[in-house]
Each structure stands twice: as C-alpha cells, then as structure tokens.
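# Chain and residue survey
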Amino acid sequence: MKRVETIYWPGGKERALTLSYDDGRFEDYRLVEMLNKYGIKSTFHLCIPELLAKLIGGAALVDPKDYESLYRGHEISCHMAHHPFPAWMPDEAIRAEVTDNRLYLEALCGYPVRGMSYPYGSFSERVIRVCRSAGMEYSRTVRETGEFAVPENFMLWDPTCHHSRADSELIERFMRPLNYDRMRLMYVWGHSYEFSDEERWSRMEEFCKSIGGRDDIWYATNIEIVDYMNAVRSLRFAEQCTSVYNPTCTDVWISVDFEKVMIPAGMTVKL
Ligand SMILES: [Zn+2]
C-alpha cells in the first residue's frame, strides 16, 4: 500500500502566507500599496464604518467608496456591524450584526462575503454556531500559536502571530527545510493604525520584502485558503487509496509515497 497524505498547497507548494487586517483604518491605503508591491495578499475585516466611527471617535477610516478599488485582489470580510463583544450578545443580535455587515459589504464589493474575525477576539461555542448559521465559513481569533499549522475548524482560526512579532526569526523558521511536516501556513494579523511611526512601517516593509514575491510560497487571502482546504477535504479515495476522485473545480496536490501528485479538477486518478 502506498503512503498517501493530502498536504500540498496549489502548484505543489509547501508554504502559504495569508494576512488579515481589521477595522478598515485609514492606514490601510498605505498598507495595501505595500502589499501589492511585494505580491502579498491579505483579508480586510471591516465593520459598517459609520457605526464603528461612534466607537473610535475621530480616527480616520477608509472611505467606503474606495473599498472595491482599494481592496481589489485582496478579500473583504466581516468584522460585525458595530464592532461589538459577540460573547455578551443574544443570538438574535449576533445574527443581525453579521447579516447587516454582510449586506453592507456585499453591496460595495459585489461578491459573497463569507468570513470574519471576532471583534476583540470575543467568541464562544454559541457565537460560533450563530455566525456559522449566518453564512460565515471562517473566523479568526487573536490567539497566537507561533506555529504554521492549518486549522481543522476554520471558525476557530488561530493566527501564527501579530505583525509586531513577524520578525526574521519567524521567517527563518517558516523557510527552514520541511521535516515531518510537508505543508506550512503562516498567518499574520494586525491593525494598520499600529504602524504609528516610520520605524514600524519600515519593519513591515522589511517583512514584506523578505517573504514576498517568492515562487515557493502561495500568497492567498483567508477565503482562498478555506476554499482550497475544502477542495482537499472533498477528495474521495478508493479503499486503500488505489485511486482518487476530485469532485471539485479546483486542482489539488497530494503526496503519494513522498512524490507530489496533482489531482485535476473533476478527474479520477489512479495512485
Ligand atoms: Zn477590530
């Protein structure tokens, strides 16, 4: 029997990088320009700006008229309408927070908005259940792992680290030759207003320069990671893995006796 593992990113790549930035603060304009320069993709978790504005006083936000053009090539995603503490809310209020947020963002971006991050990192089993029933397919927490694992449950998506800890040591660990693992995911999150001085901006640029524009990393938004993993998890194997059927519209790469094998969309492959 062959050794079969479902563990490579698109193109047979062994590493993927995804980012997310919350709250849609004005500094996103500069951040997106930097990410685009280095070919890095991010997800932007956004509230309804006039509701968030009441919470953050005079802090400047991205103009919603710019959402579609600014975040093109990245992903617009939910952060709940008012930036509330969902764990403190009744189910009905949680559902309204997600639904109002989705309707607002979808009207601006023109595509289904399918994910979120928990405001203040606030969640519970109940919050997860209600958010999922409102159409959310993933949600990021603020619990850092320091690791590069792919989450089993995307509604409990713990990131690798906050951008303040995305340093050269982290990149070195990420790029180190793979050993028992064959697939790594680095997830860095933050708020763009945290780049409060030029030194912090230049540290972020250093990070982007070191890790961006490489052929051996897949740069993806949060939902692209989810969609790819859903395709991986949809593969249907014959008993003892003598063949595999890919019922999805995504090519998927797996490991067969340590060789990379592509399972094309809609095809059955003998292993
Ligand atoms: Zn937030």
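This section reports on the structure supplied with the text. Each residue is numbered by its place in its chain's sequence as written, counting from 1. In keeping with the model being predicted, local features are shown solely for residues with a pLDDT of at least 70 and side-chain atom pairs are shown and tallied solely at 80 or more, while totals for entire chains, interfaces and linings include all residues. The side-chain figures draw on all heavy atoms in the structure; neither hydrogens nor water molecules are used.

## Quick word on the sheet that holds strand β13 (residues 259-263)
Two strands pair if DSSP finds at least two bridges between them. Strands are runs of DSSP state E lasting at least two residues, helices are runs of H or I lasting at least four, and both sets are numbered from the N terminus onward. If you trace the three strands from one edge of the open sheet to the other, you get β1-β12-β13, paired in antiparallel fashion. Looking along the sheet, the strands with just one partner apiece sit at the ends: β1 (4-8) and β13. Recorded for the sheet is a direction-independent mean angle of 40° between the axes of neighbouring strands. Bridging between strand β12 (residues 252-256) and β13 involves five bridges; their strand directions are antiparallel. Among the inter-strand pairings, Ser255 is bridged to a residue of β13, identified as Lys260. Its contacts with the sheet place helix α8 (residues 222-234) against β1 and β12, and it is angled at close to 50° to β12. Axes, fitted as lines to C-alpha atoms, cover a helix only where it is in contact. Angles between the N-to-C directions of the axes lie from 0 to 180 degrees. We call two residues contacting when some pair of their heavy atoms lies within 4.5 Å.

## Here's the deal with the pattern of salt bridges
Side-chain pairing between opposite charges can occur once the charged atoms of the two side chains come close. A side-chain nitrogen of Lys or Arg and a carboxyl oxygen of Asp or Glu constitute a salt bridge if their distance falls within 4 Å. In total, this model carries 19 salt bridges according to the counting rule given. Across the pair Glu205 and Lys37 runs a salt bridge, and its minimum N-O distance is 3.0 Å. Of the two residues, Glu205 sits in helix α7 (residues 198-211) while Lys37 sits in helix α1 (residues 28-37), which places them 168 residues apart along the sequence. Overall, Lys37 belongs to the exposed group, its relative accessible area being 58%. Note that Arg114 and Asp227 form a salt bridge whose closest N and O atoms lie 2.6 Å from each other. Of this pair, Arg114 sits in the loop between α4 (91-109) and β5 (115-117) while Asp227 is found in helix α8, placing the two residues 113 residues apart along the sequence. Within the structure, one salt-bridge network assembled from shared partners comprises Glu14, Arg15 and Lys260. The buried label applies to any residue whose accessible area, calculated with a 1.4 Å probe on protein chains only, is under 20% of its type's maximum; exposed applies above 50%, and partly exposed to all values in between.

## Things to note about the coordination of the zinc ion
Each metal's donors are the N, O and S atoms found within 2.8 Å of it, except that Na, K and Ca use a 3.2 Å limit; water is left out, so coordination can look incomplete. At this site the zinc ion is bound by Asp23 (OD), His79 (NE2) and His83 (NE2), with donor distances of 2.0 to 2.2 Å. As a motif over one chain, the donors of the zinc ion read D-x55-H-x3-H. Here the residue Asp23 occupies a position in the loop between β2 (15-22) and α1, and His83 occupies one in the loop between β4 (75-78) and α4, the gap between them amounting to 60 residues. Residue Asp23 is classed as buried on the basis of its relative accessible area of 8%.

## So, the packing of aromatic side chains
Pairing of aromatic side chains requires ring centres within 6.5 Å, counting the rings of Phe and Tyr and the six-membered ring of Trp. Pairs whose planes differ by under 30 degrees are stacked, by over 60 edge-to-face, and all others tilted. One pass over the full model with this rule turns up 15 aromatic pairs. Judged by centre distance (6.3 Å) and plane angle (35°), the rings of Tyr21 and Phe195 are tilted. Residue Tyr21 is found in strand β2, and its partner Phe195 is found in the loop between β8 (184-190) and α7; the two are separated by 174 residues along the sequence. For Tyr21, a relative accessible area of 0% translates into the label buried. Both rings, one in Phe148 and one in Phe174, keep their centres 5.1 Å apart while their planes meet at 55°; by these two values the pair is tilted. You can see Phe148 sitting in the loop between β6 (138-140) and β7 (161-162) and its partner Phe174 sitting in helix α6 (residues 168-175), a full 26 residues away along the chain. A single burial state applies to Phe148 and to Phe174, both of which are buried. Aromatic ring contacts, followed pair by pair, group Tyr138, Phe154, Trp157 and Tyr187 into a single cluster. In this scheme, Lys NZ or Arg CZ marks a charge over a ring once it lies within 6 Å of the ring centre and within 35 degrees of the ring normal. Taking NZ or CZ as reference, Arg25 lies 4.1 Å from the ring centre of Tyr193, over its face. Here the basic side chain of Lys260 rests over the ring of Tyr8, its NZ or CZ set 5.0 Å away from the ring centre.

## A short note on the side chain of Asn246
Position of Asn246 relative to the elements: it lies in the loop between β11 (243-245) and β12. Overall, Asn246 belongs to the buried group, its relative accessible area being 0%. Separated by 2.7 Å, the side chains of Asn246 and Thr248 make a polar contact. A distance of 3.4 Å separates a polar atom in the side chain of Asn246 from the backbone oxygen of Pro264. If we skip the residues at most four places from it in the chain, Asn246 touches Leu235, Asp251, Val252, Ile263, Pro264, Ala265, Gly266 and Met267. Polar contact criterion, stated in full: a pair of N or O atoms within 3.5 Å, where within protein one must be able to donate a hydrogen and the other to accept it, and residues adjacent in sequence count only if both atoms are side-chain atoms.

## A closer look at α6
All buried positions along α6 are accounted for by Leu170, Ile171, Phe174 and Met175. Considered in projection along α6, the buried side chains sweep an arc of 125° and stay on one side of the axis. Buried residues belonging to α6 abut β2, β7, β8, α7 and β9 (217-219). Think of the arc as the fan of directions from the helix axis to the C-beta atoms.

## Focus on a nonpolar patch on the surface
A cluster of nonpolar residues, Leu55, Phe85, Trp88 and Tyr120, forms a patch on the protein surface that exposes about 470 Å² of accessible area. Inspection of the secondary structure assignment puts Phe85 in the loop between β4 and α4. The residues that make up patches have over 30% relative accessible area and no salt bridge, and they are joined within 9 Å when like-charged or within 5 Å when they are Val, Leu, Ile, Met, Phe, Trp or Tyr. Surface accessibility follows the Shrake-Rupley procedure with a 1.4 Å probe radius. Residue values consider only the protein chains on display as shielding.

## Thoughts on unusual backbone geometry
Keep in mind that most residues, glycine aside, have a negative phi and that most peptide bonds are trans. Positive phi is not limited to glycine here, since Tyr120 has a value of about 60°. Mapped onto the secondary structure, Tyr120 falls in the loop between β5 and α5 (125-133). For Tyr120, a relative accessible area of 42% gives the class partly exposed. With a phi angle near 55°, Cys241 is a residue other than glycine that sits in the positive phi range. Tracing the sequence through the fold places Cys241 in the loop between β10 (236-237) and β11.

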